[in-house]
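Residue-level structural notes
Below are the chains, spelled out letter by letter.
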Amino acid sequence: MFKVEDLRFKYHNNKEDVIRGISFEIKQGEIFGFLGPSGAGKSTTQMILIKILEDFRGAISYNGKSLTEYGNEFYEEIGVSFEMPIHFSKMTAMENVNFFLKLYKNNANVQELMERVGLWKDRDKMVGEYSKGMKIRLNIVRAMLNSPKMLFLDEPTNGLDPTNAMILKDMIREFRKNGGTVFITSHIMADIDQLCDRVAFIVEGEIIEMDTPRNLKIRYGKRSMNLEYKEDGKTILREFPLDGIGKNKEFLDLLQTKEIETLHSGETTLEDIFIKVTGVGLKDESK
């Protein structure tokens, strides 16, 4: 869907590039996560991909055609949800939606979208009276008004309660299932783990790691098995090497003779990987 080669970008008031020669591809029909600490270049990269920032160096192609060759027809194929929802607060939700519908040739089923995110009953309420979570949900509706082929989502579940966050994640999965492609940035690693086919970590304008969440967790995890069991009223934790675990007599004996409470591998989390790869939190821990 997108092919980015040696992308570089510098803001006019900066002396150095904020994007420093990154290259990656977003495959059609995948959910691609773009992760990094604040100021790493995530938002800048996204703004370049959606043609808000155009004075870049390097090459970007969308569907096999240079991004610079596209005009307004490009916006018929993409939907964007920014982290901070921007709506006309003195207009109702439906008035907001109808305003943006007029910008596109293709229109989605608005009632279906708003019912899905739980806003249809509040469609005639002023957006200024909406809660933060309602504004975020309306933002998602707006991003999908034109039945896009590609979604750009910036912190899409931030500020949502677990129920509405799950509804949104289900919508993202269905969008991908129906052939859509998603570029997502988020600091909620559980969402990234649940949704993304591949993720890239960007630090100080450079991509330093990129793979599937599963491969990353295997690579950065510990090859061990942790076993918790009850003995004399206490919980005992034992750790065993994962290699050869099926022939480890002590491990097998505990399984057969003890009251097992938990059993899990030493697989790490994306949150741990984020800290290791980006270095965020390491300086604080060393104080």
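The sections below set out a description of the structure shown in this document. Here the structure is a predicted model, which means the values were calculated and not measured.

With that out of the way, let us pick up the sheet that holds strand E5 (residues 65-66). As summarised here, the arrangement of the four strands in space is E2-E1-E4-E5, forming an open sheet in which the pairing is antiparallel. Pairing within the sheet leaves two strands with one partner each, and these edge strands are strand E2 (19-26) and E5.

All right, on to the sheet that holds strand E8 (residues 181-185) then. Ordered by their spatial adjacency, six strands build an open sheet running E6-E7-E8-E3-E9-E10, and the pairing between neighbours is mixed. Each edge of the open sheet carries a strand with a single partner, namely strand E6 (78-81) and strand E10 (206-211). The sheet shows a mean angle of 15° between the axes of neighbouring strands, taken without regard to direction. Both strand E3 (residues 31-35) and E8 contribute to a ladder of three bridges, which runs parallel. Each residue of the ladder has a partner; that of Ile-31, found in E8, is Val-182. Running over the sheet, helix H7 (residues 213-220) touches strand E9 (198-203) and E10 and is turned about 100° from E10.

Core analysis: the largest hydrophobic core is formed by 44 residues, its most contacted members being Val-97, Met-114, Leu-138, Val-182, Ile-184, Ile-192 and Phe-201. Take this core: its biggest share by element is six residues, from helix H4 (residues 132-143). Those residues in contact with Ile-192 that sit more than four places away from it in its chain are Leu-35, Ile-184, Ser-186, Val-199 and Leu-270. Counting residues in each nonpolar core, the second largest holds 29 residues, with Phe-2, Ile-22, Phe-74 and Ile-78 among its members.

Right, let's get into the packing of aromatic side chains. This structure, assessed with the given rule, holds 17 aromatic pairs. Between Phe-32 and Phe-183, the aromatic rings sit 6.2 Å apart at their centres with planes inclined by 20°, giving stacked as the arrangement. Of the two residues, Phe-32 is situated in strand E3 and Phe-183 in strand E8; the sequence distance between them amounts to 151 residues. Across the pair, exposure class does not vary: Phe-32 and Phe-183 are buried alike. Cluster of aromatic residues (ring-pair linked, three or more members): Phe-2, Phe-24, Phe-32, Phe-34, Tyr-62, Tyr-70, Phe-74, Tyr-75, Phe-152 and Phe-183. One Lys or Arg, Arg-123, reaches over the ring of Trp-120 and ends 4.0 Å from the middle of that ring.

Put simply, side chains in a regular strand alternate between the two faces of the sheet. When you tally the buried positions in E3, you get five out of five residues, the bulk of the element. A two-sided burial pattern is seen for E3, the buried positions comprising Ile-31, Gly-33 and Leu-35 on one face and Phe-32 and Phe-34 on the other. Bridge analysis of E3 against E9 gives four bridges, and the strand direction is parallel. Across the sheet, residue Phe-34 finds its bridge partner in E9, namely Ala-200.

Thresholds, definitions, all that
Along each chain, residue indices are assigned from 1 in the same order as the chain's sequence is written. Predicted model: local features are reported for residues with pLDDT of at least 70 only, side-chain atom pairs are reported and counted for 80 or more only, and whole-chain, interface and lining totals are derived from all residues. Note that water and hydrogens are dropped before the side-chain values are worked out from all heavy atoms of the structure. Pairing between two strands is assigned when DSSP locates at least 2 bridges connecting them. Here a helix means four or more residues in a row that DSSP labels H or I, a strand means two or more in a row labelled E, and each is numbered from the N terminus. The axes used here are C-alpha line fits, helices contributing only the stretch in contact, and every angle between their N-to-C directions lies in the interval 0 to 180 degrees. Residue contacts are defined here by distance: any two heavy atoms, one from each residue, within 4.5 Å place the two residues in contact. Only buried residues count toward a nonpolar core, which is a set of Ala, Val, Leu, Ile, Met, Phe, Trp, Tyr and Cys residues joined through side-chain atoms within 4.5 Å. Buried means the residue's accessible area, taken with a 1.4 Å probe over protein chains only, is under 20% of the maximum for its type, while exposed means over 50%, and partly exposed covers the values in between. Here is the rule: rings of Phe, Tyr and Trp (six-membered ring for Trp) pair when centre to centre is within 6.5 Å. Planes less than 30 degrees apart are stacked, more than 60 are edge-to-face, and the remainder are tilted. In this scheme, the term charge over a ring applies when either NZ of a lysine or CZ of an arginine sits within 6 Å of the ring centre and within 35 degrees of the ring normal.

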